[in-house]
Amino acid sequence: MNVFDLEEQRLLIGYAVEFLKHAFFEHFTRFEPRTLIICGSGLGGIVDKVAPKPAPLVIPYEKIPGFKSSTVAGHQGKLVFGYMKGSPVVLMCGRLHYYEGHALHETVFPIRVVNELKTVKHLIVTNACGAINPSYQTGDLMCLNDHINMPGIAGQHPLRGPNFEEYGPRFLPLSDAYDLDLRKLLFNKRAELGLERPLHEGVYTYVSGPTFETRAEARLIRLVGGDVVGMSTVPEVIVARHCGIRVLALSLITNEVVTDFPASAMDESPVPLDRGKATHEEVLEAGFLASVDVERLVEEVVGEL
């Protein structure tokens, strides 16, 4: 269920914000983060781009009022505050997923809290995903220009329940969810860096997980216009837009989703059913191999914000 008590949520957000501000006061002379970065599966190395001086502030999720803990391999479960290319940033090293058992309003609680710091204007969100588009390959990158919210269409939506009127409207338009200027900046930085890794632009399809897609589900996603599929990002993007935060989203393609029909039981030479089967281990491995390019791109974009 994604139903919550509005006043209780406001109190929890307030407690979390006061906790963070107190931590800032003790650690920094002054700190006003401008960009929130969410590190996807296998992409936690983005935190290494945070400058060592002044020393970053690291806070585990479990210490922050109202935060839930991340339970997925490759997600560290901590907030990191520091400077990247001279720009003050906050990183979510590890996100919260609906499939872990968290309610949707709990998975996006960190976005609400960071927004209440009143200084964050941009969200850069990264994720690992599977390729539906046959022209995409493992190791490619994709800049999101739109999304399909499968759980949201079916009723599991991060804005379900009472509306935070102080943040945004009851009926939020999402036709401009992915900021055009930020997308242009990403492509310009790729050109400046001379990166050879392919960078596509396309549609991310959000599914709840935790199972990887069946062949029939993958064909359905392709039919409705999805280029990639994953189990995160969209709830965070929706709530960020509800808060008026500009969004840039970058996907790392870690596997090519199987869309072929399964072999018939009457086929004398069937293709093995496990050919192309996705695993979480390959997601993390592909993230590691492409992480350097992702880290450089994120760092260069942040330097302009």
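Every value quoted in this text rests on a predicted model; they were computed, and no experiment measured them. (Residues numbered from 1 in each chain as written. Predicted model: local features only at pLDDT ≥ 70, side-chain atom pairs only at ≥ 80, totals over all residues. Heavy atoms only, no water.)

Take the pattern of salt bridges next. All chains considered together, the criterion is met by 14 salt bridges. Put simply, Lys-49 and Glu-299 hold a salt bridge, and the shortest N to O gap is 3.7 Å. Highlighted residues: Lys-49 in the loop between strand 1 (35-39) and strand 2 (57-60) and Glu-299 in helix 8 (residues 280-302), separated in sequence by 250 residues. The class for Lys-49 is partly exposed, based on a relative accessible area of 26%. For Glu-299, a relative accessible area of 17% puts it in the buried group. (Salt bridge = Lys/Arg side-chain N within 4 Å of Asp/Glu carboxyl O. Helix = DSSP H or I, 4+ residues; strand = E, 2+ residues; numbered from the N terminus. Buried < 20%, exposed > 50% of the residue type's maximum accessible area, 1.4 Å probe, protein only.)

Mapped onto this structure's residue numbering, the UniProt feature "binding site: phosphate" (unreviewed entry) falls at Ser-41, His-75, Arg-95, Leu-96, His-97, Ala-128 and Ser-232. By relative accessible area, which is 12% here, Ser-41 ends up buried. (UniProt positions renumbered as here; feature names shortened; annotations may be inferred.)

Between Lys-53 and Pro-54 the backbone carries a cis peptide bond, its omega angle lying at -5 degrees. With respect to the helices and strands, Pro-54 occurs in the loop between strand 1 and strand 2. Here the residue pair Gly-209 and Pro-210 is connected by a cis peptide bond, since its omega of 5 degrees sits within 30 degrees of zero. Here Pro-210 is to be found in the loop between strand 7 (199-206) and helix 6 (215-224). With a phi angle near 55 degrees, Lys-85 is a residue other than glycine that sits in the positive phi range. Take Lys-85: it is sitting in the loop between strand 3 (78-84) and strand 4 (87-93). Here Lys-85 falls in the partly exposed class, since its relative accessible area comes to 49%. We note that Lys-118 has phi near 70 degrees; this positive angle belongs to a residue other than glycine. Its place among the elements puts Lys-118 in the loop between helix 3 (109-115) and strand 5 (122-131). Residue class for Lys-118 comes out exposed when judged on its relative accessible area of 57%.

Right, let's get into the nonpolar core. In this structure, Leu-36, Leu-79 and Phe-81 are the most contacted members of the largest nonpolar core, which totals 55 residues. Broken down by element, this core gets its largest block of residues, seven residues, from helix 1 (residues 6-27). Contact partners of Leu-79, with chain neighbours within four places excluded, come to Leu-20, Leu-57, Val-58, Ile-59, Tyr-61, Ile-64, Phe-67, Val-90, Leu-91 and Met-92. Core analysis: the second largest hydrophobic core is formed by 29 residues, Leu-43, Leu-141, Cys-143 and Leu-252 among them. (Core = buried A, V, L, I, M, F, W, Y, C linked by side-chain atoms within 4.5 Å. Contact = heavy atoms within 4.5 Å.)

In this section: helix 7 (residues 234-242). Here helix 7 lies mainly inside the structure; nine of its nine residues are buried. Regarding helix 7, the residues found buried are Val-234, Pro-235, Glu-236, Val-237, Ile-238, Val-239, Ala-240, Arg-241 and His-242. A positive phi of about 80 degrees marks Gly-244, the residue just after helix 7.

Using the residue numbers shown here, the UniProt feature "binding site: a purine D-ribonucleoside" (unreviewed entry) corresponds to Glu-213 and Asn-255. Spanning 43 residues, the named residues nonetheless gather at one spot, since no C-alpha pair among them exceeds 11.7 Å. Within the secondary structure, Glu-213 sits in the loop between strand 7 and helix 6. Not counting chain neighbours up to four residues away, the residues in contact with Glu-213 comprise Val-207, Ala-218, Ile-221, Val-229 and Val-257.

Below, the discussion takes up the packing of aromatic side chains. Enumeration over the complete set of coordinates arrives at ten aromatic pairs. On the numbers, 4.4 Å between centres and 15 degrees between planes, the contact of Phe-28 with Phe-31 is stacked. Here the aromatic rings of Phe-31 and Phe-81 are separated by 6.1 Å at their centres, their planes lie at 85 degrees, and the arrangement is edge-to-face. Taken together, the residues span a long stretch of sequence, with Phe-31 in the loop between helix 1 and strand 1 and Phe-81 in strand 3 at a distance of 50 residues. The pair Phe-31 / Phe-81 is uniform in exposure class, with both members buried. Taken together, the aromatic side chains of Phe-24, Phe-28, Phe-31, Phe-81 and Tyr-83 make up a single cluster linked through ring pairs. Directly above the aromatic system of Phe-261 lies the positively charged group of Arg-219, at a separation of 3.7 Å from the ring centroid. (Phe/Tyr/Trp six-rings, centres within 6.5 Å; stacked < 30°, edge-to-face > 60°. Lys NZ or Arg CZ within 6 Å of the ring centre and 35° of its normal.)

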